[in-house]
Amino acid sequence: MSTSPVDPRPARRDIFGSARLGYVVVDSNRMTAWNRFGADAIGLHVDELDRDHLRFRLDDRECRFLIRRGAAEDVVGTGWEVDDHETFEEILGRVHAAGLPVTEGTPDEAALRGVERLWRFPGPKAIATEIFTRPVTTAAPLRMQNSAFVTGRHGMGHMAIFTTRPEQLHNYWNNLLDLRLTDYITERIGPVTGKLRFLRAGERHHSIALAHLARLPIDPIRTAVQHVNIEVARLEDMLAAYHRVRDLGFAMAWTVGQHTNDRELSFYCVTPSGFELEVGWNPVVITPELEETWEPSNYEGISIWGHTPTGENVAELMSRFGAVVRSLRSREATVPALSAAPRDTRR
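The shown structure was predicted, so the numbers you read here are calculated from the model rather than taken from an experiment.

Asker: Any chance you could break down the pairing of strand E9 (residues 158-162) for me, citing the residues and the numbers?
Answerer: Among the 5 residues of E9, 5 are classified as buried, and the element is accordingly described as predominantly covered. Burial along E9 is two-sided: His158, Ala160 and Phe162 and Met159 and Ile161, pointing in opposite directions, are all buried. Relative to strand E13 (residues 227-232), E9 is paired through 3 bridges, and the arrangement is antiparallel. Bridging from a neighbouring strand, His158 pairs with Asn229 of E13. Sheet analysis places E9 next to strand E12 (residues 208-213), joined by 4 bridges and oriented parallel. Looking at E12, one finds that Ile161 is bridged to Leu210.

Structure follows, in structure tokens:
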């Protein structure tokens, strides 16, 4: 009589729905351009803390974007808000079990990010992952050109990453936060095929999007993050921001259009650091009722209509060529300790 082997490891508690994207940290030396981009073009509330730090608000949180002086011209950290102490300890336990170094942020670092305390550990593509439980809120009125942003339990938005190691990055986020797979998109880009997968942390359609080129292990993006998304409450806000971006001379990456999978209406513009910002409206929300029966689908094409790419100049094309060459010469940072296939098959 044979018996099935018993897995000695304790069952892992599913923490799906207990964490969400809370803030983004950007290093840039283009502080004046970021101030103008955030306040005048996108219409965000901007707090100029000192010559080395800007903060953007979307709601009652003190910080949703921290722009600090630095040479990276890229997203260098993401902060994930965790619901409670029990979930916080579960996440830290997973990180410690993987043998990754964990550092508590200093009081000054926490204050800049608008949180009471934070802990930091390595993330994919050298983007630090930070977790916190208590954001600092403010009653100070918002000075911005938009009526409101959709945040709350949905988090501040999402980020998209171009990768040559999609399975490893998928595993990282699944092992860390139990993100669930929402759907896929296949997009033909001339002679190559782009593949995208979308991972959700809760009711927002996705908090992480991962993109790669099928059978081509190259990364054409200079920045670690391809784009960051924020969601406005009214269609009029999105259209007004689109016109301000164009009128003020900031680069537009993709015109207004609608996505196939989450049905969001949006446009993509280029930030002063070179990665893109997507300003969107009215995406699909995966309510608890939808969650019960949700099955991932595969969509053909990124957009139903619109999202027409704008022309690239010679400098931008050379930057993309340089990014491809660098990706061939170096191995992408994937945090192997947290990137193994998980036991949980619900992905």
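Asker: Lay out the sheet that holds strand E6 (residues 103-104) with the relevant residues and their values.
Answerer: Across a sheet, paired strands are connected by hydrogen bonds in the backbone, their directions being either parallel or antiparallel. Strand order across the open sheet formed by 8 strands is E2-E3-E4-E1-E5-E8-E7-E6, with mixed pairing between neighbours. The open sheet has two edge strands with one neighbour each: strand E2 (45-50) and E6. Direction of pairing for strand E7 (residues 119-121) relative to strand E8 (residues 128-132): antiparallel, over a ladder of 3 bridges. Bridge pairing links Trp119 to Ile131 in E8. Together, strand E1 (19-28), E2, strand E3 (53-57) and strand E4 (65-69) form the strand contacts of helix H1 (residues 31-42), whose direction differs from that of E3 by roughly 10 degrees. Running at roughly 20 degrees to E8, helix H4 (residues 166-177) makes contact with E1, strand E5 (74-82), E7 and E8 of the sheet.

Asker: How would you explain the environment of Arg180 if you had to name every residue and give the values?
Answerer: Examined against the element boundaries, Arg180 turns out to sit in strand E10 (residues 180-189). A residue is classified by how much of its surface remains accessible, and Arg180, at 12% relative accessible area, is buried. The sequence separation of Arg180 and Leu199 amounts to 19 residues, and the corresponding C-alpha distance is 5.3 Å. Engagement of the side chain of Arg180 in a polar contact is seen with the side chain of Asp14, the distance being 3.1 Å.

Asker: Can you break down the side chain of Ser28 residue by residue, with the values?
Answerer: In this fold, Ser28 is placed in strand E1. For Ser28, the contacting residues outside a window of four places in its chain are Trp34, Ile67, Arg68, Arg69, Gly70, Glu73 and Ser273.

Asker: An account of the packing of aromatic side chains is requested, with residue identities and associated values reported.
Answerer: Under the criterion given, the structure shown has 10 aromatic pairs. Measuring from centroid to centroid gives 6.1 Å for Trp34 and Phe56, while their planes differ by 45 degrees, and the two rings are tilted. In this pair, Trp34 sits in helix H1 while Phe56 sits in strand E3, placing the two residues 22 residues apart along the sequence. Phe56 sits in the buried class, given a relative accessible area of 1%. Here the aromatic cluster, defined as three or more aromatic residues joined through ring pairs, consists of Trp34, Phe37, Phe56, Phe65, Phe250 and Phe275. Lying over the aromatic face of Phe16, Arg180 brings its terminal NZ or CZ to 3.9 Å of the ring centre.

Asker: A description of the packing of H1 against helix H5 (residues 235-247) should follow, citing residues and the corresponding values.
Answerer: Between H1 and H5, whose axes approach to 8 Å, the crossing angle comes to 130 degrees. With respect to H5, the axis of H1 lies oblique. Residue-level inspection shows Asp40, Ala41 and Ile42 of H1 in contact with H5, the latter providing Ala241, Arg244 and Val245. A class-by-class count of the residues in the contact of H1 with H5 yields 4 nonpolar, no polar and 2 charged.

Asker: Help me get a handle on the nonpolar core, residues and values and all.
Answerer: Within the largest apolar cluster, 66 residues are counted, with the highest numbers of intra-cluster contacts made by Trp173, Val228, Ile230 and Phe267. When residues in this core are grouped by element, the largest group, 6 residues, is from H1. Those residues in contact with Phe267 that sit more than four places away from it in its chain are Met238, Ala241, Tyr242, Val245, Met252, Trp254, Thr255, Val256, Leu277, Glu278 and Val279. In terms of nonpolar packing, the next biggest core, distinct from the first, is built from 10 residues, Ala160, Phe162, Ala209 and Leu213 among them.

Rules used throughout
All residue numbers refer to positions counted from 1 along the written sequence of the respective chain. A pLDDT threshold of at least 70 governs which residues receive local features in this predicted model, and a stricter bar of 80 or more applies before side-chain atom pairs are shown or counted, although totals over entire chains, interfaces and linings include all residues. The basis for every side-chain value is the complete set of heavy atoms in the structure, and neither hydrogens nor water enter the calculation. Relative accessibility decides the category of a residue: with a 1.4 Å probe and only protein chains considered, values under 20% of the type maximum give buried, values over 50% give exposed, and everything between is partly exposed. Here a helix means four or more residues in a row that DSSP labels H or I, a strand means two or more in a row labelled E, and each is numbered from the N terminus. For two strands to be treated as a pair, DSSP must find at least two bridges joining them. In this description, contact between two residues means that some pair of their heavy atoms is separated by no more than 4.5 Å. Structural elements are reduced to axes, namely lines fitted to C-alpha atoms, with helices fitted over the stretch in contact, and the angle between N-to-C directions of any two is expressed from 0 to 180 degrees. Pairs of N or O atoms within 3.5 Å make up the polar contacts considered here, provided that, within protein, one atom can donate a hydrogen while the other can accept it, and that residues adjacent in sequence are counted only when both atoms are side-chain atoms. A pair of aromatic rings is counted whenever rings of Phe, Tyr or Trp (Trp by its six-membered ring) have centres within 6.5 Å, and the orientation is called stacked for planes under 30 degrees apart, edge-to-face for over 60 and tilted otherwise. Only lysine NZ and arginine CZ atoms are considered, and such an atom sits over a ring when it is within 6 Å of the ring centre and within 35 degrees of the ring normal. Any angle that falls under 35 degrees is termed roughly parallel, while one over 145 is termed roughly antiparallel, one within 65 to 115 roughly perpendicular, and all others oblique. Basically, the charged four are Asp, Glu, Lys and Arg, the nonpolar ten are Ala, Val, Leu, Ile, Met, Phe, Trp, Tyr, Cys and Pro, and anything else, Gly included, counts as polar. Side-chain atoms within 4.5 Å link the members of a nonpolar core, which is a set of buried Ala, Val, Leu, Ile, Met, Phe, Trp, Tyr and Cys residues.

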